[in-house]
Amino acid sequence: MNAGASQLSDGEWHRLHPASPLLKGGIVFIAILGAVVANLRERLLGLFVPRLDDQGNPIDYILGHGYVIQALLVIIVVLLVLIGGFYVSWRMHSFRITHEVVEVRSGVFIRTNRKARLDRIQGVNIVRPLLARVFGAAKLEIDQAGHDANLQLSYLDTRAADQLRKEILRLASGSRAADASANSAGVAPGSLIDRRLEEFTAPHHDADTPPESIVTMHLGRLLGSMILGTGSVIAILLIAGAAVWISLTGDLFILFLAFPSVIGFGSYYVRRFTRSLRYSISGTPDGVRVGWGLLSTTNETLPPGRIHSIEVSQPLFWRPFGWWEVRVNRASHSRTRGADNQANTTLLPVGNLTEVTKVLELMLPELVGAESVSMIERGLRSRGGDDGFENSPRRAAWLRPFSWRRNGFLVTPGSFVMRRGAVLRSFTIVPKPRLQSVAIEQGPVLRMLRLADLHLHTVHGPIRPHLDVVDLDVATRLFGTVSAAAVAAGQIDTSHRWRAGEAAS
Amino acid sequence: MRRIELADAEWTRVSPKLVAVDLLGAGIFFVIAAGAGAAALLLLHVLWLAIALAAIAVGALVNLVLVPRRVRAIGYQLREDDLLFTRGIMWQRFVAVPYGRMQLVDINRGPIARGLGLSELKFVTAAASAGVTIPGLLEADAEKLRDHLVSVAESRRAGL
C-alpha cells in the first residue's frame, strides 16, 4: 500500500500498512509460541502421541514412524490459521478522512467505530517504534480532548503518515485552498533498501519542508540537568540514608530492598536521556512540531491554540546554571504517551533563558518583540519590586516570607501571567482564550491580612495556575478584569479552525 | 473591610428549604458520632476513642449551628456573558464561568432534597477544578435555569 496521501484523504475507506498486525504484537506472539514449542515440544507431543515416551527425541520419532507429512500438515494449518487471522483483522481495520471527520473502524467479532472531528484536533503525533522503523512504518495518532479519546492509525507507511499528517492539518485548519504539493507524494528514486536506510536515518521525515529546530540539546547540559534534577536529589538522599543505616547497623538487608528502585531509577534515566537527546522543536505553518527519541521516535504537531497553560520552572540545583524546564497543560491525555512511555506534557526538558524565550515566543505568537522578551526575563529572574507585575503587599510576608516581593500577576494583550516562588521559581502563562473559569478564595488567615488567593482554571494537567496571597483590592479587581477578558477572548477566538480567516490562495 | 465583596453583584439566593436538608444531614452525622462516643465510653471503656468521637461530635454540633448562615451565603448571578457563583462564610469562594465554556449541565436530586422538592445544578466545564454546583434550587427553577444555561451557551459557543 504505497498510495499517496492525496488518495488517503479522499474521503474513501483505506487500509493500514500490511505489516501492522505483526508490528502490533504479532511478532511477540510468534516468539512466545516459538519459545513454548521449543521448551515443551516433548510434553506437547506426548499429549497427542502417548507412545513417544519410549523414543526420546520427537524428530527421530516422526522420521522413524513416517509421520513427516502429518507433522508438516499440522504446522502448515497452524500457520495458515494465524496468517488468516491477521489478514482478516487487517482487512477489517480501515479508516477514512473527510473534510469534517477522521473515522476508524476495526475489530472482527466486536466492531468498533471511532470518529474524530477535525476542528477538535488537539495534536497530531507520529510515533515510530524501533521495530516499525525497520519495516518503514509509522503510527499516526490524532489527539482529541478527553481521557483516552485519541484515534490511532497503526501502522502506516512512513511517507504516507507524513503526507497524511499534512493533509489532516490542512483540512483541520479550515483552509480551503487546494494544496497542489500534496499530490507530489511520488516514490523516491533508489532501491527499496536505499529508501529504508534513508527513512531510518532521517530523524523526522518530512517530504518537503524539514523544519529547523530552534533549540539544540547539548549532551553536557542534558546530563547535568538529569544529575541535578529533583529526582536525583531524592535518590542521593536515599542512598545517603541507606549508607548511614548500613554503617550503623551493619545490616545489608536494605540493599535487597533498594535493588528494584535502583533498576527503576536507572531505566527512568536511560529513557529520559535517549528520549531527550534528539529533542527538536520548530514552527510550521500548522503548529509547533516537537520531536523526541533516539531509537523510537515521536514527532508531535500542536496546532495553534492547543496549549492551555505553560509553566517555566526551575528545580533548586539548576539555579546556578540558569536552566529551566517548560511544561504545558493540554486537553488530550494520551494513554500511549508517545515514545518511551513518557507523558507528553514536557515541552522543553532543559534550556537556558534564551531558549526558553524562543520556545515561549513559538508557543504564544503574541509574545513577540523586545517588550515581551524583557517581560519573560523579569518573570523568570526578577526579585520583585516595581517592575510591571502587580506584586503582593508587604504584609503577605507573614505567609510568603521569601517570595512575597516576586509573587505577581500581569495581564498582557493575549494572556494572563503569574510568577511565584523565590527559592523554587516558576512562571505560568495562561492564554486568554483558553481560560475555563476564574475564582477568588479567602480563608480566615488571609482575611486577617486582607489578602486573597486567585485561581485560574484550565484543563487538567501538571500545571495548576494560581497566585496566592494577593492584596484583597487587587484580587477583586483582577477577578473582574480576568473574567471579562476571558469572555471577550473566548468569543473572538477562531483557533479551532486556525486558518479559516485566510483567503483561499 | 477585610472580606471579599464584589461591588456590582446582585445575588440570587437559594431556597431556605436547603437549611432543612443540610440540618438533617449534619444532624444524622452528629447523632452517629455522639452515639458512637457514648458507646465507646460506656460499653468498651476506651477513653481515647470516646474523647476523639466527642471532639468530632462537638465539631458536628458547631457545623449544625452554622448551617443556616452557610445556606444564606450561597448565591449565584446570571450576568451578561458569565455565571457568577459564591459560597462560604469562613472560607469564601467566588467563581466566574463564561457561558460558552459549558460542556454539560447536570441536575441531581438527593433523597432528602427530593422530598422537599429541591434539586442541585452542576455546571461542568473542561476544567475539573471549577466546581460550580448550585444546591437548593426548586425543581422548576433548576430546570428553567438549565434550559437557560444551555441556550445561552449555544449562542456563545467557544472551543476548548
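Residues numbered from 1 in each chain as written. Chains lettered and ligands numbered in written order. Predicted model: local features only at pLDDT ≥ 70, side-chain atom pairs only at ≥ 80, totals over all residues.

(A) Region of the structure containing the overall build of chain B. Secondary structure summary: chain B contains 4 helices and 7 strands in total. Ordered by position in the sequence, the α and β elements of chain B form the string β-α-α-β-β-β-β-α-β-β-α. The globule rule puts the C-alpha radius of gyration for 160 residues at 15 Å, and the 19 Å found for chain B is more than 25% above it. Along the first, second and third principal axes, the C-alpha set of chain B runs to 65 × 40 × 30 Å. Counting the 160 residues in chain B, one finds 31% classified as buried. (Helix = DSSP H or I, 4+ residues; strand = E, 2+ residues; numbered from the N terminus. Rg over C-alpha atoms; globule rule 2.2 N^0.38 Å. Buried ≥ 20, exposed ≤ 12 C-beta atoms within 10 Å, placed from the backbone.)

(B) Focus on the overall build of chain A. Helix and strand counts for chain A stand at 14 helices and 22 strands. When the 505 residues of chain A are sorted by exposure, 39% land in the buried category. Looking at chain A alone, contacts between residues at least 24 apart form 57% of all its contacts between residues at least 6 apart. (Contact = placed C-beta atoms within 7 Å.)

(C) The interface of chain A and chain B, seen in detail. Counting residues at the interface gives 29 residues for chain A, matched by 27 residues for chain B. For the side of chain A that touches chain B, the secondary-structure elements that each account for two or more residues are strand 20 (437-442), helix 13 (444-448), strand 21 (451-457) and helix 14 (472-492) of chain A. If you tally residues by element for the side of chain A that touches chain B, the top one is helix 14 of chain A, at 8 residues. Across the side of chain A that touches chain B, the residue classes tally to 12 nonpolar, 13 polar and 4 charged. In the sheet, strand 20 of chain A pairs with strand 4 (residues 92-98) of chain B via 5 bridges, with the strands oriented antiparallel. (Nonpolar A, V, L, I, M, F, W, Y, C, P; charged D, E, K, R; others polar. Pairing = 2+ DSSP bridges.)

(D) Fine view of the environment of A:A137. All names here are of chain A. The topology assignment puts A137 in strand 6 (residues 137-144). Exposure remark for A137: the 25 C-beta atoms within 10 Å place this residue in the buried category. C-alpha of A137 to C-alpha of V445: the two residues are 308 residues apart in sequence and 60 Å apart in space. When sequence neighbours within four positions are dropped, the list of residues in contact with A137 reads H17, A19, L23, A132, Y155, L156, D157 and T158.

(E) Examining the pairing of strand 17 (residues 408-411) of chain A more closely. Residues and elements named next belong to chain A. Note that strand 16 (residues 390-391) and strand 17 share 2 bridges and pair antiparallel. When the bridges of strand 17 are listed, E390 appears paired with F409. Sheet topology places strand 17 next to strand 18 (residues 415-420); 4 bridges connect them, and they run antiparallel. From the neighbouring strand, V411 faces strand 18, where its bridge partner is F416.

(F) Quick peek at the nonpolar core. Judged by nonpolar contacts, the single largest core of 90 residues is most densely connected at A:V359 and A:A452. With 8 residues, helix 14 of chain A is the largest single contributor of residues to this core. In this view, A:A452 contacts A:I440, A:E441, A:Q442, A:L446, A:V470, A:L472, A:A475 and B:I4; residues no more than four positions away in its chain are not counted. (Core = buried A, V, L, I, M, F, W, Y, C linked by C-beta atoms within 7 Å.)

(G) Main features of the sheet that holds strand 15 (residues 346-351) of chain A. With antiparallel pairing, the 7 strands of this open sheet are ordered in space as 15-13-12-19-18-17-16 (chain A). A strand with exactly one partner marks an edge of an open sheet, and here the two such strands are strand 15 and strand 16 of chain A.

(H) Quick peek at helix 9 (residues 230-249) of chain A. All names here are of chain A. Given a rise of 1.5 Å per residue, 20 residues ought to cover 28 Å, and the 29 Å separating the end C-alpha atoms of helix 9 matches this to within 8%. Little of helix 9 is tucked away, with 0 of its 20 residues classed as buried. Immediately downstream of helix 9, the backbone of G250 shows phi near 70 degrees, a positive value. (Expected span 1.5 Å × (residues − 1).)

(I) Quick peek at the pairing of strand 19 (residues 426-431) of chain A. Residue and element names in this part refer to chain A. When you tally the buried positions in strand 19, you get 5 out of 6 residues, the bulk of the element. Pairing between strand 12 (residues 309-313) and strand 19: 4 bridges, direction antiparallel. When the bridges of strand 19 are listed, E311 appears paired with T428. Bridging between strand 18 and strand 19 involves 6 bridges; their strand directions are antiparallel. By the bridge assignment for strand 19, R420 is matched with S426. Between the end of strand 18 and the start of strand 19, which pair antiparallel, lie 5 residues, with G421 showing a positive phi angle near 80 degrees.

(J) Representation of the sheet that holds strand 6 (residues 118-124) of chain B in the model. Residues and elements named next belong to chain B. Reading across the sheet, the 3 strands line up as 5-6-7 and stay open at both edges, with antiparallel pairing between neighbours. Edge positions in the sheet fall to strand 5 (104-108) and strand 7 (132-138), since each has one partner strand and no second. With direction set aside, neighbouring strand axes in the sheet form an average angle of 25 degrees. In the sheet, strand 6 pairs with strand 7 via 5 bridges, with the strands oriented antiparallel. Bridge pairing links L121 to I134 in strand 7. Its contacts with the sheet place helix 4 (residues 139-155) against strand 5, strand 6 and strand 7, and it is angled at close to 135 degrees to strand 7. (Axes fitted to C-alpha atoms, helices over the stretch in contact; angles between N-to-C directions.)

(K) Region of the structure containing the confidence of the model for chain A. Residues and elements named next belong to chain A. Per-chain confidence: chain A averages 81 in pLDDT, with 83% of residues scoring 70 or above. Note on residues 1-5: pLDDT under 50 across the span, and 17 contacts to partners over four residues away in sequence or across chains. Within the model, pLDDT remains below 50 along residues 204-208, and this stretch shows 13 contacts once partners closer than five positions in the same chain are excluded. (pLDDT = per-residue confidence, 0-100.)

(L) Quick peek at unusual backbone geometry. The residue after A:S154, namely A:Y155, is reached through a cis peptide bond having omega 5 degrees. Looking at where A:Y155 falls in the secondary structure, it is placed in strand 8 (residues 151-157). Positioned with a positive phi, A:V469 is a non-glycine residue whose angle comes to about 45 degrees. Mapping A:V469 onto the fold places it in strand 22 (residues 466-471). Classification of A:V469 by C-beta neighbours within 10 Å gives buried; the count is 24. Despite not being glycine, B:H45 has its phi angle at roughly 55 degrees, a positive value. For B:H45, a count of 9 C-beta atoms within 10 Å corresponds to the exposed category.

(M) Quick look at the environment of B:A57. Residues and elements named next belong to chain B. By the secondary structure assignment, A57 is in helix 2 (residues 47-73). The buried category is assigned to A57, around which 20 C-beta atoms lie within 10 Å. Separated by 23 residues in the primary sequence, A57 and A34 place their C-alpha atoms 5.3 Å from one another. Those residues in contact with A57 that sit more than four places away from it in its chain are F30, A33, A34 and G37.

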